[in-house]
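Each chain, letter by letter, is given below.
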Amino acid sequence: MIQIRFQNILDMFTPIIFIYIILSLGWKNFLFFNVEIILGIVLIISVLHFFILFDKNLEKGYKSMIFLSIFILMFSFIFSFLKIFFFYHNDDNITSDIKIYTLISLILYVLIRITYFMRIIYVKIHNPAFIFITSFVFLSFLGSILLMLPASTVVKKISFIDALFTSTSAVCVTGLVVLDTAKDFTYLGKIFILILIELGGLGILTITSFFSYFFRDGFSFKEAIFISNFLNTKTTNNVLSLAVKVVLFTLTVEFIGTLLIYFSIKEKNSIESDNLLFFSIFHSISAFCNSGFSTLSQGLYSQSVRFNYLFQLIIAFLLILGGIGFNILFNFFAYIWLTIKKYFLKIFKDENFRCPVHIVTLNTKIVILTTFFLLFFGTVFYYISEYHCSLSEHSSFHGKWIVSFFSSATSRTAGFHVLNMNTFTPITIFFTIFLMWIGASPASTGGGIKTSTFALALMNIISLSRGKNRLEIQRKEISSESIRLSFSIIMLSIIVIYISILLIIFLDPKENILSIFFEVVSAFSTAGLSLGITSNLSNGSKLILILLMLLGRIGIFNVMIGFFRKNKIGSHHYYRYPKGNVLIN
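Residues numbered from 1 in each chain as written. Predicted model: local features only at pLDDT ≥ 70, side-chain atom pairs only at ≥ 80, totals over all residues. Heavy atoms only, no water.

Notes on the pattern of salt bridges
To be explicit about the condition: Basic side-chain nitrogens of Lys or Arg form a salt bridge, by our definition, when they fall within 4 Å of a carboxyl oxygen of Asp or Glu. Segments assigned H or I by DSSP are reported as helices when at least four residues long, segments assigned E as strands when at least two residues long, and all are numbered from the N terminus. Buried residues are those whose accessible area, probed at 1.4 Å on protein chains only, stays under 20% of the maximum for their type, while exposed residues exceed 50% and partly exposed ones sit between those limits.
In this structure the tally under the stated criterion is 3 salt bridges. The salt bridge involving E393 is made with R306; its shortest N-O contact spans 2.9 Å. Separated by 87 residues along the polypeptide, E393 in the loop between helix 15 (362–385) and helix 16 (397–411) and R306 in the loop between helix 12 (276–288) and helix 13 (309–323) bring together distant segments of the chain. The exposure class assigned to E393 is partly exposed, which follows from its relative accessible area of 29%. Looking at R306, the relative accessible area reads 10%, which means it is buried. Where E472 meets R470, a salt bridge forms, and the shortest distance between an N and an O atom there is 2.7 Å. Its relative accessible area of 41% is what places R470 among the partly exposed residues.

Focus on the packing of helix 6 (residues 160–171) against helix 21 (residues 539–554)
Stated formally: The angle between two axes is taken between their N-to-C directions and runs from 0 to 180 degrees, where each axis is a line fitted to C-alpha atoms and a helix contributes only its stretch in contact. Angular relationships are summarised with four words: roughly parallel below 35 degrees, roughly antiparallel beyond 145, roughly perpendicular across 65 to 115, and oblique for the angles in between. Crossings are classed by handedness, with left-handed meaning an anticlockwise turn of the near helix from the far one by less than a right angle and right-handed meaning a clockwise turn. The criterion used for residue contact is that any of the two residues' heavy atoms lie within 4.5 Å. Gly falls in the polar group here, along with every residue not listed as nonpolar (Ala, Val, Leu, Ile, Met, Phe, Trp, Tyr, Cys, Pro) or charged (Asp, Glu, Lys, Arg).
Contact pair helix 6 / helix 21: the axes reach a minimum separation of 10 Å and the direction vectors enclose 20°. Classified by the interaxial angle, the pair formed by helix 6 and helix 21 is roughly parallel. The interaxial crossing formed by helix 6 with helix 21 has left-handed handedness. Across from I161, D162, L164, F165, T168, S169 and V171 in helix 6, the residues of helix 21 making contact are N539, K542, L543, L545, I546, M549, L550 and R553. Among the residues forming the contact of helix 6 with helix 21, the class breakdown is 9 nonpolar, 3 polar and 3 charged.

Section: a nonpolar patch on the surface
The condition that has to hold: For patch building, the residue pool is restricted to those with more than 30% relative accessible area and no salt bridge; the joining distance is 9 Å between like charges and 5 Å between nonpolar side chains (Val, Leu, Ile, Met, Phe, Trp, Tyr). Computed with the Shrake-Rupley method and a 1.4 Å probe, the accessible areas treat only the protein chains shown as cover for residues.
Where nonpolar side chains cluster on the molecular surface, the patch consists of M491, I495, Y498, I499, L502 and L503 and spans about 590 Å² of accessible area. Along the chain, the position of I499 falls in helix 19 (residues 480–507). The class of I499 is partly exposed, set by a relative accessible area of 45%.

Quick look at the structure:
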């Protein structure tokens, strides 16, 4: 009985803590307890819970979760204890900063507990796509509530639509903004935006799997299907370890990116930021997640970084790594590792090692080649088309090429810009729309119809033009399901973009049609570039862009599967109708 009582107390206490966190960030005058008292109560209950249940027949993952919660709470409690004795009567800024870190630790505690109980939701719901959709919608609304808090904004109050737009743009890693991230949000507000970017880039299911890897006491087949659907892998074997690899790889790349960015701007005294380390962390995460958010008022077009070509190269490679897809990266790194291993074993004459014949998959080859050609031709196009226009402010030869390369990389999914887009020629605008529409690669942090979708559709057209009745690439036949899916995604994207343009033209008839077209494709492809009309749009148009960002990040086919698929996982139709011919041309 005592096990059930303490477990229920802690489970019911979690939403109370979460409500307290929200209230404490906004309406402090109505509270009777400060953060330290709440923290102490949570810590005591967690310790009692852990020791009382230590010898009980309880799932090992639940105990691991409580132990990690105790560790985080203990660290925060000691931090707060030091504040009381050393900083209480000195610097108000230090005490306020420590209070923010304490609140963040409480948020992390709540996140860990919610993460564990997500497994209960997996058991109840049979549709992986529905879980995927609701996770992004939930994060968007939760983020809007956090961004509306008085402690998150510099201004007294922002509208719900603007908060929802900013939150959705961060969760969907888009980068379209209706507010100035640098001036309208406080330090805490920027941290919230950064957390939303990270959760949106990786996905709440990946984060859940990461924690479940350490908390689990067995992992159900249904949970494995959910995670494999999100990570876009066909097998459920070792899917948890794959999720852990994704998280650890992301954190590693972002850490390296932070160091590189920090040293690239360390000698520059003109950066519009009081904290260069936070600036580096923010832009490293924002770049790898392809979100396009910046703590500079003018983005990367600001005078302080516009001519810092080393900084631009670092951001560009982070964008490419984040947008190429985790499966492709892991497959490519496996090829490099086995090649190096084979070389050294050959030197030491080890005859027992046998290298796999096919290391690099066909999917990896298609994605890497398509990405390379888009980057190459995009760079050349921007260099030629904007040489006498927006590129004219860059005097050096290598500067023009680096900026062109950066523009080619960011146009497909990121949202950063280092050129004055208001001076773009019409042909450059249309070419940028084309790059945004294609977007990044599957199982990545970017959006768009995806590079593999575009490549398959293009190669299928060439194959049909040559009179072939099937698509063959490197002695492998591409399944008809993949071809039908690629053309369906292309057709659906065109329909959604066209309808959205019509609606925004109706709601905002004064805006330029080309700018609306650019804005719609940018939102749907989660690219985040804009010709400057975002903040001027009506609330109705902003809602349309919000829906487009969600559709683009989730995937329009995932939405259709989530709401229209009636059959259960793994079921098939075991019948076929007679074939019917329809005239096409």
